[in-house]
Amino acid sequence: LVQAQNTEKLLLNGTGLYPRLIRLEHSGDANGRLLAGVVIPPLGDEGGISLIFESLDEGETWSTEPVGIVRDPEAATGLCCHTLFELPQALGDLDAGTLLWAASIGQQSSPRYMKLKVWQSTDLGQSWSYLSTCAQGQGGLWEPEFSLDETGQLVCHFADETRQDQYSQALIRVRSVDGLNWQEKTATVASQTPMHRPGMPIVRRLPSGSYVMVYEICAFVEADCAIFTRSSADGWDWGQANDLGERIIADTGNYFAHTPTLSLFTNQSNITTLILNGQILMDASGNQLAGTGQTLMISQSEGLGSWKELASSFGIKNVFNNYCPNYSSPVLALDKGSSLLIIATNYYQGKCRPFYGKTKLFP
């Protein structure tokens, strides 16, 4: 187990998985506040909750206790892969600034019946109430992600393995005009190679108004769990589902495998930088590199074409293919774009714990 971590940078001195990180931008006087969430899976009579922490100083320090807790009553049957999203505009009866949380629930049920349940908060993450379920079914439903399409509808993206007769796993989307009722179930990436497993979608809207998505495709023979990208003009139409998208490879020939996360920053010259993180850095031959856990990638071409590697002064060491070390580590541009905040998990004193730290965006 890794011992060489700075314990002063622990977000939580205990188990906390799958970190998520947002900056409030549509919440009035609270704009600029940072919120981070971690999942504590059900462990005996404990866990099955999501903890929400806040920072009021650009991620330098965080609340020592959670400011909010999401307690879904069905999470005792399994809890994984949550997301946080702030509504940028009103949706049905939901005001701009409403926070949404969703997660995979039920993976430990037998037979496995899973739900992607959506909760809402109208008080900056302090209290939460159940809103709706954007997907449910027999089998695996994973990694929900929210975006608003061009029409203002809320889109729930997720990985679906409930159709084993057609594919091992596919990326699916549904949308809602009010956050309550979900419709138009549509495949985003469903490979003609049934063993392919696209998953872990992350969606960001660019200042130009178009959208970019990143995701992994596991069981991809050429590079297992390599990260791909695709774009959309309106946030709903992502092209043909059998199109795998464009694989992300840095100009060094290296690539990330597993658990993509994506952030962006637009400077005063209106140049947008996309920041990509992944669990394991691989060379062109598929060998893990020493920079794993301490490397990001950036693009200034809206995610298409060239990506460049960026060494991080904060990172996770001794990373391997596992649900804890550097697994789905979010990144957020701070301090007017001069730095990046990263939250990443690693084993420390027998538990998978979340750490946080900063690095320079432009060293």
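Residues numbered from 1 in each chain as written. Predicted model: local features only at pLDDT ≥ 70, side-chain atom pairs only at ≥ 80, totals over all residues. Heavy atoms only, no water.

Enquirer: Quick question: what am I supposed to make of the nonpolar core here?
Expert: Here is a general trend for soluble globular proteins: nonpolar side chains tend to be buried in one another's company. With 68 residues, the main nonpolar core has L100, F146 and L154 as its most contacted residues. A per-element tally of this core places strand β24 (residues 339-348) first, with five residues. Non-local contacts of L100, meaning those with residues more than four positions away in its chain, are made with T83, L84, F85, L87, L94, V118, W119, Q120, W128, L131, F146 and L154. (Core = buried A, V, L, I, M, F, W, Y, C linked by side-chain atoms within 4.5 Å. Buried < 20%, exposed > 50% of the residue type's maximum accessible area, 1.4 Å probe, protein only. Helix = DSSP H or I, 4+ residues; strand = E, 2+ residues; numbered from the N terminus. Contact = heavy atoms within 4.5 Å.)

Enquirer: Would you mind showing me how to read the sheet that holds strand β7 (residues 113-121) here?
Expert: Strands in a sheet are paired, the pairing made by backbone hydrogen bonds, and the direction either parallel or antiparallel. With antiparallel pairing, four strands are arranged side by side in an open sheet as β5-β6-β7-β8. With one partner strand each, in any of the chains shown, β5 (79-86) and β8 (129-138) form the two edges of the open sheet. Put simply, the sheet's adjacent strands are angled 15° from each other on average, direction ignored. Sheet topology note: the β7/β8 ladder contains eight bridges and is antiparallel. (Pairing = 2+ DSSP bridges. Axes fitted to C-alpha atoms, helices over the stretch in contact; angles between N-to-C directions.)

Enquirer: How should the sheet that holds strand β10 (residues 154-160) be read in this particular structure?
Expert: The sheet built from four strands is open, its strands ordered β9-β10-β11-β12 with antiparallel pairing. Strands with a single pairing partner mark the edges of an open sheet, and in this sheet they are β9 (141-148) and β12 (183-189). Within the sheet, the average angular offset between the axes of one strand and its neighbour, ignoring direction, is 25°. In the sheet, β10 pairs with strand β11 (residues 170-176) via seven bridges, with the strands oriented antiparallel. Following the sheet pairing, A159 is matched in β11 by L171.

Enquirer: Just to check I follow, could you spell out the state of the cysteines for this structure?
Expert: The bond known as a disulfide is covalent and runs between the sulfur atoms of two cysteines. Summed over all chains, the structure comprises four disulfides. The partner cysteine of C80 in its disulfide is C81, sulfur to sulfur 2.0 Å. For the disulfide bridge between C80 and C81, the dihedral angle about the S-S bond is near 55°, and by the sign convention the bridge is right-handed. A residue is classified by how much of its surface remains accessible, and C81, at 4% relative accessible area, is buried. Paired through a disulfide, C218 and C225 show a sulfur-sulfur distance of 1.9 Å. Of note, the bridge from C218 to C225 carries an S-S torsion of about 115° and is right-handed in sense. Each of the two residues, C218 as well as C225, counts as buried. What links to what in the chain: the bonded cysteines, counted in sequence order, pair as 1-2, 3-4, 5-6, 7-8. (Disulfide = S-S within 2.5 Å.)

Enquirer: For this particular structure, what's the right way to read the pattern of salt bridges?
Expert: A pair can form between side chains of opposite charge whenever their charged atoms are brought close. Considering all chains together, one arrives at 15 salt bridges under this definition. Salt-bridge contacts for R23 lead to E58; the nearest nitrogen and oxygen are separated by 3.0 Å. Taken together, the positions of R23 in strand β1 (residues 17-23) and E58 in the loop between β3 (49-55) and β4 (68-70) put the pair 35 residues apart, joining distant regions of the chain. Taking relative accessible area as the criterion, R23 reaches 22% and is therefore assigned partly exposed. Residue classification places E58 among the partly exposed positions, given a relative accessible area of 22%. Close ionic contact of D251 with K308 constitutes a salt bridge, the shortest N to O distance being 3.0 Å. Here the residue D251 occupies a position in the loop between β16 (246-247) and β17 (255-257), and K308 occupies one in strand β22 (residues 308-311), the gap between them amounting to 57 residues. In this structure K308 comes out as partly exposed when scored by relative accessible area, which is 45%. One continuous salt-bridge network, built from bridges that share partners, spans D72, E74, K115 and K117. (Salt bridge = Lys/Arg side-chain N within 4 Å of Asp/Glu carboxyl O.)

Enquirer: Before we go on, may I ask you to explain unusual backbone geometry in this structure?
Expert: Negative phi values dominate among residues other than glycine, just as trans dominates among peptide bonds. Cis geometry is found at the peptide bond from S110 to P111, where omega equals 0°. Mapped onto the fold, P111 is located in the loop between β6 (99-105) and β7. Residues other than glycine seldom take positive phi values, yet E184 does so here, at roughly 60°. If you trace the backbone, E184 turns up in strand β12. At C225, a residue that is not glycine, the phi angle is positive and equals roughly 60°. Positionally, C225 belongs in the loop between β14 (211-218) and β15 (226-232).

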